[in-house]
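Examining the three-dimensional arrangement
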Protein chains: 2
Amino acid sequence: MRKKVTLKQLARELNLSISTVSKSLKNDPEISQKTINRVHELASFYNYKPNALAVSLKSNKTKTIGVILPEILNHFFAKALFGIEKEAAKNGYKIVTCITNESYQKEVEYVEMLNYSSVDGFIVALSQETQVLNELDHFKVLKRENVPVVMFDRVSDEIDCDKVIVDDKVASKNAMQYLIDTGCKRIAIVTTIGDISVAKLRLEGAREAAEANKDVSLINLEVKDTIIDLVEKESNAIENEIEKFLKENDLDAVLGLDETAAAITINISHKLGYKIPQDISVIGFTDGLLSKHSYPKLTTVSQHAEDLGAKAAEILLGHLVDDYDENYKTATEIVKTSLIVRESTK
Amino acid sequence: MRKKVTLKQLARELNLSISTVSKSLKNDPEISQKTINRVHELASFYNYKPNALAVSLKSNKTKTIGVILPEILNHFFAKALFGIEKEAAKNGYKIVTCITNESYQKEVEYVEMLNYSSVDGFIVALSQETQVLNELDHFKVLKRENVPVVMFDRVSDEIDCDKVIVDDKVASKNAMQYLIDTGCKRIAIVTTIGDISVAKLRLEGAREAAEANKDVSLINLEVKDTIIDLVEKESNAIENEIEKFLKENDLDAVLGLDETAAAITINISHKLGYKIPQDISVIGFTDGLLSKHSYPKLTTVSQHAEDLGAKAAEILLGHLVDDYDENYKTATEIVKTSLIVRESTK
DNA sequence: CTGAAAGCGCTAACAA
DNA sequence: TTGTTAGCGCTTTCAG
């Protein structure tokens with residue numbers, strides 16, 4: 001078993017002191033060029049790399065950011081993670097990812113664990129349960145210890161930190177307006193994620209658009225089920241509920257507040273013999289795989305998840321530089337959504 | 001800014017030496033119960049947690065495992081990651097995740113970076129490019145340094161390490177046989193992932209099943225496109241190619257070697273007015289979101305990605321215990337697949 | 001130009 | 001029962 005080479009060993013082989021070797025590796029001008037060359041040569045011969053742990057212990061920086069996500073089996077968060085990872089890698093940072101599975105308890109544990117592993121900062125999207133309980137002390141600790149946090153998508157007003165969100169309300173309003181503009185009058189909202197902050201905003205936006213057009217009626221179905229169940233189960237319960245709802249209501253459009261709701265609506269419509277978009281228009285949220293591979297393809301609100309993740313990472317990394325002002329004022333960045341019109345609307 | 005409390009501070013406040021405090025925290029029997037109690041009390045008052053970096057530097061263990069995935073915008077890998085994360089968390093391990101985006105270069109960089117961050121071990125699924133180039137020196141380095149590696153799904157014979165795979169050949173054979181058993185005779189194979197190891201195995205399996213039934217004919221379409229493009233683009237090119245293929249060939253079944261291929265086949269069939277499964281049966285691989293939310297729902301080979309990930313983690317963790325035998329013989333674990341019959345087959 | 005020494009926070013062998 | 005010391009690998013100040 002070959003062990004990793006250390007400064008000490010290089011120093012010994014070169015008959016130099018550890019500190020000289022260390023400085024040489026950094027091309028410190030106070031070291032002679034000749035020595036610097038000798039050191040570099042041997043170092044690259046052994047493929048020397050400084051031990052990251054030791055550097056971190058000394059510098060109190062790990063070049064690691066903790067990412068806490070509620071789910072990963074969800075295109076939106078997967079894509080955001082992708083954006084985060086890309087941005088982090090570009091700047092020589094690693095990410096350590098924890099998935100709370102929408103559990104408050106897990107979230108608390110992970111925040112603690114990562115904090116004690118000395119991550120340099122956090123990127124967080126809150127779990128559903130955390131949002132419902134509105135318990136955020138675990139983040140207040142970070143605040144007190146001055147660990148930078150950036151929240152995205154699932155954020156909380158209780159915590160004063162940088163945030164990156166999507167303007168869900170406007171997005172939803174626009175989507176609704178699009179349906180209205182294309183002649184839809186009896187529009188239903190279908191959601192399977194009623195509990196979380198973004199769904200509430202989306203609902204509000206849709207309401208506003210509907211209320212501004214007096215001949216439009218809005219019907220609301222909230223499928224009571226957690227997000228996790230949806231992904232894990234065959235989810236017939238949800239489908240049945242949506243089927244019943246579609247049969248009982250005479251609709252000409254559905255706005256799904258999440259991708260699954262929209263996808264299921266499309267499939268149930270087929271089953272019931274409704275033509276899309278002739279009989280019924282459908283719009284969804286989150287431009288994921290389901291939207292691209294449904295039939296017909298789904299018109300959808302794209303939240304630009306990757307950009308969102310990248311943006312969150314960018315902001316966090318900005319706080320990780322040396323000369324970071326402790327008393328700076330936090331900001332909330334709003335990433336614009338766009339309505340991607342495909343074939344499920346007129 | 002409140003800083004984290006250290007042993008030193010506890011020691012000072014208690015008028016004890018650092019080592020006494022350290023031992024007390026571990027309930028070392030050579031320390032008096034009284035002292036132990038005092039220490040514990042103050043420690044929990046300050047919510048003391050040992051600095052993970054220092055512990056790691058000392059012990060040469062980080063309680064972190066490096067996970068290298070080709071993609072994350074892919075249900076299979078996302079699910080595997082979920083399984084890994086769960087298993088790791090259960091054992092007090094963190095994971096640091098890197099996404100190669102199917103690039104060899106990135107894979108090399110990440111392996112190096114994580115190795116020099118002293119992860120305790122690796123869980124890897126090879127990138128497409130790595131498999132095509134068949135360049136695996138970056139893993140041989142790990143072998144030499146005795147860093148445990150477990151590969152899953154996308155593995156290589158060149159590397160002697162534990163592996164967790166799915167029996168793709170058998171799975172594919174069974175899927176094919178199922179089509180044959182339900183009366184299909186003119187069966188096509190559609191794939192968009194021809195380059196990677198698993199696709200080749202799946203193709204082989206399908207061939208074997210077809211050849212064993214002499215009245216069955218097999219037609220093959222390999223859509224030349226990388227996986228990444230598929231996910232990122234609207235991918236009309238692929239759809240057009242599949243559409244042309246379906247029109248030109250008189251088929252009664254399609255076996256998609258990846259989920260996307262199967263999902264697109266279903267949608268194109270709708271477009272062409274073919275009834276599923278009456279006119280054409282479809283089977284896919286990877287029981288992801290698309291399979292559950294297609295219409296009709298897709299009969300699919302489930303690779304049990306979560307179990308696969310969990311298994312890989314379990315094996316790796318087994319090597320991370322103290323008394324690990326250096327010269328143990330590596331093994332390849334095969335996770336059974338199952339055919340989930342839904343509505344896209346007779 | 002080079003080296004000795006202290007220290008990051010912790011553990012563990014050894015002394016007292 | 002408690003404390004001293006050395007050391008994990010590195011950086012950095014200060015001396016030589």
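Structure first, text after, so check above.
Keep in mind that what you see is a predicted model, and the values were worked out from it rather than measured. (Residues numbered from 1 in each chain as written. Chains lettered and ligands numbered in written order. Predicted model: local features only at pLDDT ≥ 70, side-chain atom pairs only at ≥ 80, totals over all residues. Heavy atoms only, no water.)

1. Focus on the pairing of strand β3 (residues 121-124) of chain B
Residues and elements named next belong to chain B. Note the following rule: With a 1.4 Å probe rolled over the protein chains alone, any residue whose accessible area is under 20% of its type maximum counts as buried; one over 50% counts as exposed, and the rest are partly exposed. In this text, helices come from DSSP runs of H or I with a minimum length of four residues, and strands from runs of E with a minimum of two, each type numbered from the N-terminal end. Between any two strands, pairing holds if DSSP finds at least two bridges.
Neither face of β3 is left uncovered, since the one carrying Gly121 and Ile123 and the one carrying Phe122 and Val124 both have all their residues buried. Pairing of β3 with strand β4 (residues 149-152), which is carried by 3 bridges, proceeds in the parallel orientation. Bridging from a neighbouring strand, Val124 pairs with Met151 of β4.

2. Some words on the interface of chain B and chain A
Convention followed: By definition, residues are in contact when any of their heavy atoms lie within 4.5 Å. Summed over both partners, the accessible area lost on bringing two parts together, with a 1.4 Å probe, is the buried area. Criterion for a salt bridge: a side-chain nitrogen of Lys or Arg within 4 Å of a carboxyl oxygen of Asp or Glu. Polar contacts, as used here, are pairs of N or O atoms within 3.5 Å; protein pairs need one atom able to donate a hydrogen and one able to accept it. Residues neighboring in sequence count only if both atoms are side-chain atoms. We call Asp, Glu, Lys and Arg charged. Ala, Val, Leu, Ile, Met, Phe, Trp, Tyr, Cys and Pro are nonpolar, and the rest, Gly among them, are polar.
Each partner contributes to the interface: chain B provides 67 residues, whereas chain A provides 67 residues. A combined buried area of about 6,200 Å² lies between chain B and chain A, and 57% of that area is made up of carbon and sulfur atoms. The largest share of the area that chain B buries against chain A comes from B:Leu53, B:Tyr116 and B:His293, three residues that together contribute 13% of it. At the boundary of chain B with chain A, the tally comes to 4 salt bridges. For the salt bridge of A:Lys49 with B:Glu112, the shortest nitrogen-to-oxygen distance reads 3.2 Å. Where chain B packs against chain A, one counts 21 residue pairs in polar contact (both at pLDDT 80 or more). For the side of chain B that touches chain A, the elements supplying multiple residues, two or more each, are α4 (52-59), α5 (75-90), β2 (94-99), α6 (104-116), α11 (227-232), α12 (236-248), α13 (259-272) and α14 (289-292) of chain B. Counted by class, the side of chain B that touches chain A contains 27 nonpolar, 19 polar and 21 charged residues.

3. Considerations on the protein's contact with DNA strand C
Formally: Summary of the distance rule: residues count as near a molecule or strand when at least one heavy atom falls within 4 Å of that molecule or strand.
Around DNA strand C, the surrounding shell holds 26 residues, and the nearest of these are A:Lys23, A:Lys58, B:Leu7, B:Lys26 and B:Tyr48. Sugar and phosphate atoms form 59% of the subset of DNA strand C atoms that lie within 4 Å of the protein. Between DNA strand C and the protein, one listed contact pairs a base nitrogen with a side-chain N or O atom of A:Lys58 at 2.8 Å. Contacts to DNA strand C include B:Lys58, whose side-chain N or O atom sits 3.0 Å from a base oxygen. Every element with two or more residues in the surface near DNA strand C is listed here: α2 (18-25) and α4 (52-59) of chain A together with α1 (7-14), α2 (18-25) and α4 of chain B. Of the residues contributing to the surface near DNA strand C, the split by class is 9 nonpolar, 10 polar and 7 charged.

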